[in-house]
Amino acid sequence: MTKPLLMVVDDDPEMVNLVADVGMTSGFEVLQYLNARAFQEALIKNTPTIIIMDIIMPKIEGVELLKWLAEQGCTAPIIIMSGYDGKYLTFTERLGSATGSHILGTLTKPFKIEDLEALLKEALAAAQ
């Protein structure tokens, strides 16, 4: 039996590694990306169980990426994270939901590992 797939995209390598470590500990196979373009290319070849993505990234930011995911018909739940004002996360969450994305939750950086673990546990339960 293969593990559920978590795809993580954030331009901060330390954040990607942290999320990946928590994801692996939580029972996921993890694919990591430091930019949205590499993530987009990989998504075409993979079907994630869950996606965790940053909102503020160079070239293609999270809002644009959410729109693209909706255009691709991506049904994976999404956790969005940002170190910016919580209002920006709320706006992005609403926008993602309005475009048909399943926003599982949000994380404000820095976040508690327990909060990430709880969201990943919820994603695992929904996938079964």
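All values reported here derive from a predicted model rather than from experimental measurement.

**Points about the side chain of Gln40**
With respect to the element layout, Gln40 can be found in helix α2 (residues 36–43). What makes Gln40 buried here is its relative accessible area of 7%.

**Observations regarding the packing of helix α1 (residues 13–25) against helix α5 (residues 113–127)**
In the contact formed by α1 and α5, the axes pass within 10 Å of each other and the chain directions differ by 50°. Between α1 and α5, the interaxial angle falls into the category oblique. The element α1 and its partner α5 pack so that their crossing is right-handed. Judged by residue contacts, Leu18, Val19, Val22 and Gly23 of α1 engage Ile113, Leu116, Glu117 and Leu120 from α5. Here the residues of the contact of α1 with α5 are counted per class, giving six nonpolar, one polar and one charged.

**A few points about the nonpolar core**
Looking at soluble globular proteins, one finds that nonpolar side chains tend to be buried together. Judged by nonpolar contacts, the single largest core of 23 residues is most densely connected at Phe39, Ile51, Met53, Leu65, Leu69 and Ile78. If you list the elements that add at least two residues to this core, you get β1 (5–9), α2, β3 (50–54), α3 (62–71) and β4 (78–82). With residues near it in sequence (within four places) discarded, Met53 still touches Val9, Gly62, Leu65, Leu66, Leu69, Ile78, Ile79, Ile80 and Met81. Membership of the second largest hydrophobic core comes to 21 residues, among which are Ala20, Ile50, Leu107 and Leu119.

Reading guide: rules and limits
Residues numbered from 1 in each chain as written. Predicted model: local features only at pLDDT ≥ 70, side-chain atom pairs only at ≥ 80, totals over all residues. Heavy atoms only, no water. Helix = DSSP H or I, 4+ residues; strand = E, 2+ residues; numbered from the N terminus. Buried < 20%, exposed > 50% of the residue type's maximum accessible area, 1.4 Å probe, protein only. Axes fitted to C-alpha atoms, helices over the stretch in contact; angles between N-to-C directions. Parallel < 35°, antiparallel > 145°, perpendicular 65-115°, else oblique. Left-handed = near helix turned anticlockwise from the far one by under 90°. Contact = heavy atoms within 4.5 Å. Nonpolar A, V, L, I, M, F, W, Y, C, P; charged D, E, K, R; others polar. Core = buried A, V, L, I, M, F, W, Y, C linked by side-chain atoms within 4.5 Å.

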